[in-house]
Amino acid sequence: MNDTLPWSFAWRIAKRDLSARFRGLRLLLACLFLGVGAIAAIGTLTGSIERELGTRGREILGGDIEAEVWQRPFTREEIKAFAALGRLSFGMRMQAMASAGANSAPVELKAVDAAWPMVGALILADGRIARAPPQGSTFLAPGAAERLGVRTGDSILIGGQKLVVAGIIGEEPDRLAEGFSFGAAAIVPADLPARAGLTAPGAMYRSKLRVAMPNIRDPEAVVETLNQRFPDAGFRLRTRDRAAPGAERFVSRMGEFLVLVGLAALVIAGIGIGGGVASYLEARRTSIATLKVLGASSGDIARIYFLQIGMAALAGSMAGLIAGVLVTPLLGQALGSLLPVTPGFVFDPGALLRAMAYGLLVALVFATPPLARARDFPAMALMRARVAPLAANVRAVLLPVGLGLTAIVTLALASAAQLPVTALFLAGAAAMLAFLAGLGKLIRSLAAKAPRPRRPLLRAALANLHRPGAQTGALVTALGFGLSAFVLLAVVQTSLEANIARRVPARAPDYFVLDVPRDRLEDFRAVVQRAAPGAEIRAVPALRGMILAYGPATGMTRVADLKDVPEGAWALRGERGLTYSDEVPEGNSLTEGKWWPRGYSGPPLVSIEDGLAKALDLHIGDRLTISLLGVERTVTIASFRRIDWESMGFNYALVFSPNAIADAPHNLAVTIDLPSGRKASALLPSLVRALPSSSVIETGTLLREARALLSQMSIAILSAASVAVLAGLAVLFGAIAAARASRTYDNVILRVLGASRRQLLLLQLGEYGLLSLVLALVALALGGAMGWAVIVQLFEFDWLPDWPRVLAVLATGVALVLGFALAGSLPLLRAKPAQALREL
Amino acid sequence: MLTLGEGDSAVAILKGIDVTVPQGQTLALLGPSGSGKSSLMAVLSGLERASAGSLTVAGEDFARLDEDGLAHARRGRIGIILQAFHLLPTMTALENVATPLELAGVADAGERARAELEAVGLGHRLSHYPAQLSGGEQQRVAIARAIVSRPTLIFADEPTGNLDAGTGAGIVELLFARRAETGATLVIITHDPTLAERCERVVTLADGRIASDRAA
């Protein structure tokens, strides 16, 4: 027999049976709304930021290609090679100190030539559009102007040179590509650094060169050629396609994490969908049986209810999409400076389609089993008392569920930026679902096998866990997920807070000072002691160089020949800070090899950080070749060191014996620790006066910024995770409501037989209490493990949960569950037995 | 033969039933509670499959059909009226009556349902929901629903069981009148001897077996 009802007829009946307000399917609607809404919002936000970064690449970079070198100008040959590609613009970046009267402030000096900006425009705060500042003038970022107390037209001093403030910066076209800065920007003419003596040999400055290519060429291919032509130049080359790689990486990582949280919310929502659809169809049991009496086949039933549930799923998902789009600007605002660009109201069809697909697929996977069960409700259900739901027809379930799952996994993996993380998440979610389903079965069978208590209420409580039609399975999954989400949230939040507190190191110096000339150290000490008596000063030689080759003397590996940089060997990328010392640096400890004696004069040696040594598979006695101001030097590896990165002082991966590099021109980097609690307002102005070419970085400002960044990250994580918790709560409430419906009968009969309200409340309390207790323990383990993965594996923070607070949150969750369960049975308890009986 | 349950809990509900009902006959199944009347009706109407034995309805061997096959076989051929009415609560009276026609793919289901409701005197209640109808009205909708597809066989399980005597009598009149107009076979399950006497034949069940089979 194959004459199943045509879809149009099935739709007519489905529409009739579906009340206008989707009564009974509200749990499905709520769950899909939350899950799809979260994914749509996240997708829209990250998609719009990534697109913005992609399309504005040329403007962000200020050209098609940018080259950067440390501590030297570009050579004639290099300039010739770049000039052949297109128009050039030169510039320089460095830290400097600016002063105006009694005020001083560290600034990020951005020296630009007349060609700047080649792409985009500099917009001043007063609305004027400007090019590079004229001779003897500067454009200041609002922060710098405020610190110096100057306005347009006032004068300031940088490196002893007088500059007139020609305007305050409103929008700087290439700000994003400049990356993290230690002070507010001051845009100055290209020749200022040299005139102010800021580019003396050894000074910490970066030369920049940007190319605007007239023809549309593939910049990546050009970069490849340049790297091959100048393998040891130490260029850091960037193209318009990856103008702000740091921001891109951050956004895509954060986006992926948020999508995973959204998916988690959807998985939780899926359980709600399953539960919601099951109770909806359970309530439709009589209707289904009646339709069968009237001649509907199983196929007809499947079509009718598939259409109904499909309609509800579509409605819930659409509502979620709308909410997702509406909430995106709010999300953008909440994340604030964490995002490289602030998205306004965006409509991203791709992200919305993906969210919709996730929603409908999850609905398909979770709604199919109850639908398959309903399909097989016998017509005889009308004539005989309630029976336990039939087992779902496995064959009918297998195909749609299998297809749905495959589609979800494919979609998630196809759009994953970090495949292993996404794969791990999917496997984890599947394992958790399987575990909770198994636990539900176990609790059921244990309750069935347990000896029957003598007290009738206790007996009833126990029986409720395993009787036919019991909601134990759904409750265990919902409670398990819900409580785990509570624990996860608490663990993540307290760990983040502790990390923020801890990452502000107790031992952080108050100031970093760069470019202190070696022969002026004593003057420097005297100035500091006068302005801040008792301040502690630590000075180390600061050089920059690039690793060119490493390995055994007989067969060294050239970095230029490497296709990929080995994992953990970040020090191979571009120029790195170098230093030399007679002693093991403070806070470091040797793990292998020996330190050179004071005044050592043998073959030049180096000590390497142990993590880097492991990543490069280095051994004591191996060689290392570096390029220092364009000169190659080869040294022997004498020792490996462990560095305590938590101490925020000078931590160098490469420390040389003084005779290896001390002859190269260089300055000192100095830290200043003020006596605790002391402020030294005179320090900055005195330093600027005494050492105009040195620059100061204030740790306090830096730490404040880092703290703000971390707390914004925690807002992002928490707001995404709250969606998962909300979904969990919806599921929980749904499961409790479904369970309540099936036990109304018992309660009424028990009331008729003389049970008091208090006794009935105790009965509920016993049942849910028992379940909650078991599941609280499970949630502690599961939520804790997930939190650990998020904190340690994904964000690479320290594992620092505040357990008393986590337990308190869990207890609140359990109390909420019990409260809801009890509140749900109150109306029933208030009713008079006779009246309740009539309503049964 | 009908046995429910398995193993130790198996209960034989119907045993050795052998009955033939000619087309157009009215037959009453009489017997005390638990005698197997409703179960026999469930088997005869294809709501339940017999554990053993054969059942032929209008030339079709019901014993060979599965649940879905029975559903198809019922369409347009068998009308069933239940004691508790079992109207679909989310549908109006008109929609309730139209449903079996729609399930059978009849194009003018709406008009035919309207005509049938008018025939049972509910032309003014078309758009009312079951909850807005009295018990008697609900049962009249159920009768209209059972008859609308002009079945050759109508089963009525205690059709007046949930109604007061006056309303019940009206329903019985209506049922017999509509049957007479359509010429269908009517099987009524009842423990009301007066109602049974209105049928041409009375089969009495006791303990799952036929105790007597006589003309009324």
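Please read these numbers as outputs of a predicted model, since none were measured by experiment.

Engineer: Would you mind showing me how to read the overall build of chain A here?
Structural biologist: Along chain A, the regular secondary structure elements total 24 helices and 22 strands. Within chain A, the proportion of its 840 residues that are buried is 46%. Of the contacts made within chain A by residues no fewer than 6 positions apart, 85% connect residues no fewer than 24 positions apart.

Engineer: I would appreciate a short explanation of the overall build of chain B in the present structure.
Structural biologist: A tally of regular secondary structure across chain B gives seven helices and ten strands. Taking all 216 residues of chain B together, the buried fraction comes to 49%. If you take every contact in chain B between residues at least 6 apart in sequence, the share linking residues at least 24 apart comes to 67%.

Engineer: Explain the nonpolar core to me, please; I cannot follow it from the model alone.
Structural biologist: A general trend in soluble globular proteins is that nonpolar side chains are found buried together. Residues and elements named next belong to chain A. Judged by nonpolar contacts, the single largest core of 194 residues is most densely connected at Cys31 and Leu34. In terms of residues, this core owes the most to one element, helix 9 (residues 245-283), which gives 19 residues. Apart from the residues lying within four places of it in its own chain, the contact partners of Cys31 are Ala269, Gly272, Ile273, Gly276, Ala727, Ala730 and Val731. Listed in part, the 96 residues of the second largest apolar core include Leu605, Phe650, Val655 and Ala669.

Engineer: Whenever I open this one, the interface of chain A and chain B confuses me. Can you help?
Structural biologist: By a widely used convention, the size of an interface equals the accessible area lost when the partners come together. Chain A puts 25 residues into the contact, and the matching count from chain B is 24 residues. Among the secondary structure elements, those contributing two or more residues to the side of chain A that touches chain B are helix 1 (7-17), helix 10 (285-293) and helix 11 (298-335) of chain A.

Engineer: Would you take a moment to explain helix 14 (residues 419-449) of chain A for this structure?
Structural biologist: Because an α-helix packs 3.6 residues into every turn, residues spaced three or four apart end up facing the same way. Compared with the 45 Å implied by 1.5 Å per residue over 31 residues, the 45 Å span of helix 14 of chain A between its first and last C-alpha is a close match. All buried positions along helix 14 of chain A are accounted for by Thr422(A), Phe425(A), Ala429(A), Met432(A), Leu436(A), Gly440(A), Ile443(A) and Ala447(A).

Engineer: I would appreciate a short explanation of unusual backbone geometry in the present structure.
Structural biologist: Glycine aside, the phi torsion of most residues is negative, and most peptide linkages are trans. Geometrically, the link from Trp116(A) to Pro117(A) is a cis peptide bond, its omega value of -10° lying close to zero. Looking at the secondary structure, you find Pro117(A) in the loop between strand 3 (103-112) and strand 4 (122-124). Its identity as a non-glycine residue notwithstanding, His86(B) has a phi of 50°, on the positive side. Along the chain, His86(B) falls in the loop between strand 6 (78-81) and helix 3 (93-103). Given 22 C-beta atoms within a 10 Å radius, His86(B) is considered buried.

Engineer: I would appreciate a short explanation of the environment of Leu126(B) in the present structure.
Structural biologist: All names here are of chain B. By secondary structure assignment, the location of Leu126 is in the loop between helix 4 (109-119) and helix 5 (135-147). The class of Leu126 is partly exposed, set by 17 C-beta atoms lying within 10 Å. Between the C-alpha atom of Leu126 and that of Leu94, which follows or precedes it by 32 residues, the distance is 5.0 Å.

Engineer: How should I be thinking about the confidence of the model for chain B in this particular structure?
Structural biologist: In low-pLDDT regions, the fine details of the predicted coordinates are not to be read closely. Residue and element names in this part refer to chain B. The pLDDT averaged across chain B works out to 86; a share of 95% of its residues lies at or above 70. Within chain B, the lowest mean pLDDT, 65, falls on strand 1 (residues 2-4), and the highest, 93, falls on strand 3 (residues 26-30). As scored by the predictor, the complex reaches a pTM of 0.68 and an ipTM of 0.74.

Engineer: What am I meant to see in the sheet that holds strand 3 of chain B here?
Structural biologist: All names here are of chain B. As summarised here, the arrangement of the six strands in space is 6-7-8-3-9-10, forming an open sheet in which the pairing is mixed. The open sheet has two edge strands, strand 6 and strand 10 (209-215), and neither has a second partner. If you compare each strand with its neighbour and ignore which way they point, the axes differ by 15° on average. Here strand 7 (residues 153-157) runs beside strand 8 (residues 185-190); their pairing, made up of five bridges, is parallel. Paired with Ile154 across the strands is Leu186, a residue of strand 8.

Engineer: Would you take a moment to explain the pairing of strand 21 (residues 667-673) of chain A for this structure?
Structural biologist: Regular strands place their side chains on alternate faces of the sheet. Residues and elements named next belong to chain A. Among the seven residues of strand 21, six are classified as buried, and the element is accordingly described as predominantly covered. Pairing geometry for strand 12 (residues 511-516) and strand 21, over four bridges, is antiparallel. Within strand 21, the position partnered with Val513 by the bridge is Val670. Sheet topology places strand 13 (residues 536-551) next to strand 21; seven bridges connect them, and they run antiparallel.

Engineer: Is there a simple way to explain the packing of helix 3 of chain B against helix 5 of chain B in this structure?
Structural biologist: Each packed pair of helices is defined by two parameters, the angle between the axes and the distance between the axes. Residues and elements named next belong to chain B. Where helix 3 contacts helix 5, the two axes come as close as 8 Å, and the packing angle between them is 25°. One way to sum up the angle between helix 3 and helix 5 is to call them roughly parallel. Crossing angle aside, the handedness with which helix 3 passes helix 5 is right-handed. On helix 5, the residues touching Ala93, Asn96, Val97 and Pro100 of helix 3 are Val141, Ala144 and Arg145. For the contact of helix 3 with helix 5, the class distribution of residues is five nonpolar, one polar and one charged.

Cut-off values and rules
Residues numbered from 1 in each chain as written. Chains lettered and ligands numbered in written order. Predicted model: local features only at pLDDT ≥ 70, side-chain atom pairs only at ≥ 80, totals over all residues. Helix = DSSP H or I, 4+ residues; strand = E, 2+ residues; numbered from the N terminus. Buried ≥ 20, exposed ≤ 12 C-beta atoms within 10 Å, placed from the backbone. Contact = placed C-beta atoms within 7 Å. Core = buried A, V, L, I, M, F, W, Y, C linked by C-beta atoms within 7 Å. Expected span 1.5 Å × (residues − 1). pLDDT = per-residue confidence, 0-100. Pairing = 2+ DSSP bridges. Axes fitted to C-alpha atoms, helices over the stretch in contact; angles between N-to-C directions. Parallel < 35°, antiparallel > 145°, perpendicular 65-115°, else oblique. Left-handed = near helix turned anticlockwise from the far one by under 90°. Nonpolar A, V, L, I, M, F, W, Y, C, P; charged D, E, K, R; others polar.

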